[in-house]
Amino acid sequence: MTSPAGPPPTGSDGGEQKRLKLLAVTACPTGIAHTYMAAEKLTQAAEDRGIDMKVETQGSIGAENVLDDNDVRAADGIIVAADKDVDLSRFAGKRVLTVGVAEGIRHPERLIDQVRSAPVHMADGTDAPASTGGKERSVAYKALMNGVSYMIPFVVVGGLLIAVSLSLGGHTDPSGGLVIPKDSFWMDVNNIGVIGFTLMVPILSGYIAYAIGDRPALVPGMIGGWIANTGSLYDSKAGAGFIGAIVTGFLAGYLVLWIKKVRVPKFVQPIMPIIVIPIVATTALGLFFIYVIGKPISWVFEHLTSWLSGMTGTSAILLGALLGLMIAFDMGGPVNKTAFLFGAGLIATGNQTVMGMCAAAIPVMPLGQGLATLIRKRLYTEQERETGLASLFMGCFGISEGAIPFAAARPAQVIPANMLGGAVAGATAGLAGVEDAVPHGGPIVAVLGAVSGVPMFFVAVVIGTAVTALTTVALIDFSERKRRGELIAGGIATASEPALVGAGAAVPGAGAVVAVAPEQATLRGAQAAPSASAAKTSAGAGDGQEALAAQAAPGTGAVAAVVPEQAAHETAPAGPSAPAAGDDDQEEAGRDDVLSGYLTDRTVKVRLDAAGKEDAIREMAGLLARTGRVADVDELVRTALRREEQGTTGLGEEIAIPHAKTDAVTEPVVGFARSAEGVEWDSLDGTRARLVFMIAVPEAAAGDEHLRILALLSRKLMDAGFRERLLAAPDERAVLGVLREVG
């Protein structure tokens, strides 16, 4: 818990007054521009007040400037400006102020004032409350995103292994669907994939609980998720699936928080988090689910089966629509399993039409969600688009669980869209009299010859997929517009939220990322992580979505300098379009390069002629082409523009940093140009971009080089004096001299 305290500790034993020492942590789901801009703003504000401050950044490149025990021991307060979970246990006994990362950019001075009277973070691990001056993600949102981000690798690995084993080692069998011979190599591969899928649900539950109740909640959350997914424990033929896991995750987390508040003797306190709390919470939650929640789930399963049995003589269209709705609702849960087992059971009686309806609906959810990530890329983070590709692959093999990460992250938008698409597919298959001779679904059963009426089967799948994708995009777009309007009306600039981004944990291949969901002063997306997706050429890692949130700093450090008249007439020095390595001009340029040689006098222009964003990007691409490192200027322009569709790269403060990760360039290259009038870049603070940097790196660039460059620029550009010097520099040489300060 937190409690008010008297004057903050100074870290000294008394005597003469010492300088105030503050610490800060800045982080967000994508951790690019936003993270570093907040760090720089806080550092500047502290320096202006004569306060010592050390800032740890938890960015996409990893944690930097990490706070050690000595730093914490001597600190008078800690500011946590983050939109993902940050471990606060190391700050026990210190004043802790937690806010959204955008507040670190917009109001750093206010945060420094507020942290002096912030509540003291207690050793029980409870988070300090958020300041009323900033908007922070809700605990429920962070917890859900944490669980989803840890679940994604299990879904992808398990699903793809099952799909590969079925396609390469399986064959159709009327009595068993797609069958893989026992004791074969592909059966072993399939079993490994099944283990991944089996762990998926408890992982989701466990890490939801962990984000709420910290480590003591991990075990009860995971065991609770396992129980939820094991229907036999509460007399149900199907487990509660991912919906049950979400329920057990939140129950475990909040149960642990409640137990932590119970006062116990001091001699018991050391064993509370490692023995008492996990055992009590696990036992209580497990029994509660088995005896209280599990019974209604079993009842629903039985009565749905009975109800469906009574509908076999009704309209095929109506029955198909109902089965499609049920198949799409919980993807492996009791409602889905009821419909599937109902259809599978009728195959033995000679009625293969009902299974045909189910088979058409089964792949619609993963195919539809995967398609949605391709047709409206700007609504999704890089990690979501990568997951979308895996979802498309799983959908082809009838693995409906491929859509679970999307449904868990945005249930209000994704589940209705899934159900609508599933109903359309089921009704279409019912109308056409499609039959399926094996208890399995998806295009794979048609390819292997188990389906009659193959053309109409694919028509049903395609229509259902399109309906799901278009409905998903429409609902997400509507919710984002509505939320963005509400937050801006409340004085907080925002961009899309992350959907599949972990709250507080680094996940392989995850980004982030959250994108998704409710009410935050940053982004969802704002969010993404570097990955290999179908949208790979559209700029690396979704970082500019985070830049959107960074625009929530209107009016801070406004630039007052005016470009000298002579600079307004300056033109960039001409140079050969493809200089040969080692010629004199190249050697001279090498003496004036900055940012590891990626920016040289060949890629600096003191007057940008373009008046609009697209023209400016095209002009910047031409500037980069002077180095000979651009193989395809048009593709570079298209990639940069696709990146802009995901979210503006206008950071505010008269700054824009368009960027692209594409094989249109052969080596990393950075350009800079200055606009006297400014270019409209859709910055949320309303400023026109006068300082324009363009970053381009090839797909095969080592590591996250573009993220490193972007981080360096973002931090330095928060310095108003630096911006003024850039604006005032009379020629390219002078500009390079200023840019050397970046590193």
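Residues numbered from 1 in each chain as written. Predicted model: local features only at pLDDT ≥ 70, side-chain atom pairs only at ≥ 80, totals over all residues. Heavy atoms only, no water.

## So, the pattern of salt bridges
The full count for this structure, using the stated rule, is 15 salt bridges. A salt bridge links Asp609 to Lys605; the shortest N-O distance between them is 3.7 Å. Its relative accessible area of 56% is what places Asp609 among the exposed residues. Taking the relative accessible area as the measure of exposure, Lys605 reaches 15% and is therefore buried. In this structure, Lys605 engages Glu619 in a salt bridge whose closest nitrogen and oxygen atoms are separated by 2.7 Å. Taken together, the residues Lys605 in strand β12 (residues 604–605) and Glu619 in helix α22 (residues 613–625) connect sequence positions 14 residues apart. Glu619 gets classed as buried once you look at its relative accessible area, which sits at 18%. Overlapping salt bridges bring together Lys41, Glu653 and Arg723 as one network. (Salt bridge = Lys/Arg side-chain N within 4 Å of Asp/Glu carboxyl O. Buried < 20%, exposed > 50% of the residue type's maximum accessible area, 1.4 Å probe, protein only. Helix = DSSP H or I, 4+ residues; strand = E, 2+ residues; numbered from the N terminus.)

## Regarding a nonpolar patch on the surface
Together, Val247, Leu251, Leu287, Phe288, Tyr291 and Val292 make up a nonpolar patch on the protein surface, roughly 540 Å² of accessible area in all. Per-element accounting of the nonpolar patch gives the leading share, four residues, to helix α9 (residues 272–309). Mapped onto the secondary structure, Phe288 falls in helix α9. You can call Phe288 partly exposed: its relative accessible area is 37%. (Patch = residues over 30% accessible without salt bridge, like charges linked within 9 Å, V, L, I, M, F, W, Y side chains within 5 Å. Areas by Shrake-Rupley, 256 points an atom, 1.4 Å probe, with all protein chains shown as cover.)

## Digging into the packing of helix α5 (residues 139–169) against helix α8 (residues 241–260)
Packing of α5 against α8 leaves a shortest axis separation of 11 Å and a crossing angle of 125 degrees. In terms of orientation, α5 and α8 fall into the oblique class. Both α5 and α8 take part in a crossing whose hand is right-handed. Across the interface between the two elements, Val139, Ala140, Ala143 and Leu144 from α5 touch Ile246, Phe250 and Tyr254 from α8. Looking at side-chain class alone, the contact of α5 with α8 contains seven nonpolar, no polar and no charged residues. (Axes fitted to C-alpha atoms, helices over the stretch in contact; angles between N-to-C directions. Parallel < 35°, antiparallel > 145°, perpendicular 65-115°, else oblique. Left-handed = near helix turned anticlockwise from the far one by under 90°. Contact = heavy atoms within 4.5 Å. Nonpolar A, V, L, I, M, F, W, Y, C, P; charged D, E, K, R; others polar.)

## Comments concerning the packing of aromatic side chains
Enumeration over the complete set of coordinates arrives at six aromatic pairs. Ring geometry for Phe185 versus Trp186: centroids 5.0 Å apart, planes at 75 degrees, classification edge-to-face. Aromatic ring contacts, followed pair by pair, group Tyr150, Tyr207 and Tyr210 into a single cluster. (Phe/Tyr/Trp six-rings, centres within 6.5 Å; stacked < 30°, edge-to-face > 60°.)

## Here's the deal with the layout of surface pockets
Of the pockets and cavities examined, the largest pocket occupies roughly 860 Å³. Along the walls of the largest pocket sit 34 residues, with Ile162, Phe197, Lys337, Ile399 and Glu401 positioned nearest its centre. Taken together, the elements giving at least two residues each to the lining of the largest pocket come down to α5, α6 (185–213), α8, α10 (316–330) and α11 (334–347). Considering every element that reaches the lining of the largest pocket, the biggest residue donor is α6, with six residues. (1 Å grid on protein atoms, 1.4 Å probe; cavity = no way out; pocket = protein on both sides within 12 Å on 5 of 7 lines; lining within 4 Å. Points joined across faces, edges and corners; volume = space filled by probe spheres on them.)

## Remarks on the packing of helix α12 (residues 353–361) against helix α16 (residues 411–432)
Contact geometry of α12 with α16 gives a least axis separation of 8 Å together with a crossing angle of 145 degrees. Between α12 and α16 the crossing geometry is right-handed. Contacts between α12 and α16 pair Gly356, Met357, Ala360 and Ala361 from the former with Gly422, Ala425, Gly426, Ala429 and Gly430 from the latter. The residue makeup of the contact of α12 with α16, split by class, is five nonpolar, four polar and no charged.

## Brief notes about unusual backbone geometry
One non-glycine residue with positive phi stands out, namely Asp183, at about 65 degrees. Its place among the elements puts Asp183 in the loop between β9 (177–179) and α6. According to the relative accessible area criterion, Asp183 is exposed, its value standing at 81%. Located in the positive-phi region is Asp214, a residue other than glycine, with phi close to 70 degrees.

Spatial relationships are all this shows, so hold off on functional conclusions.
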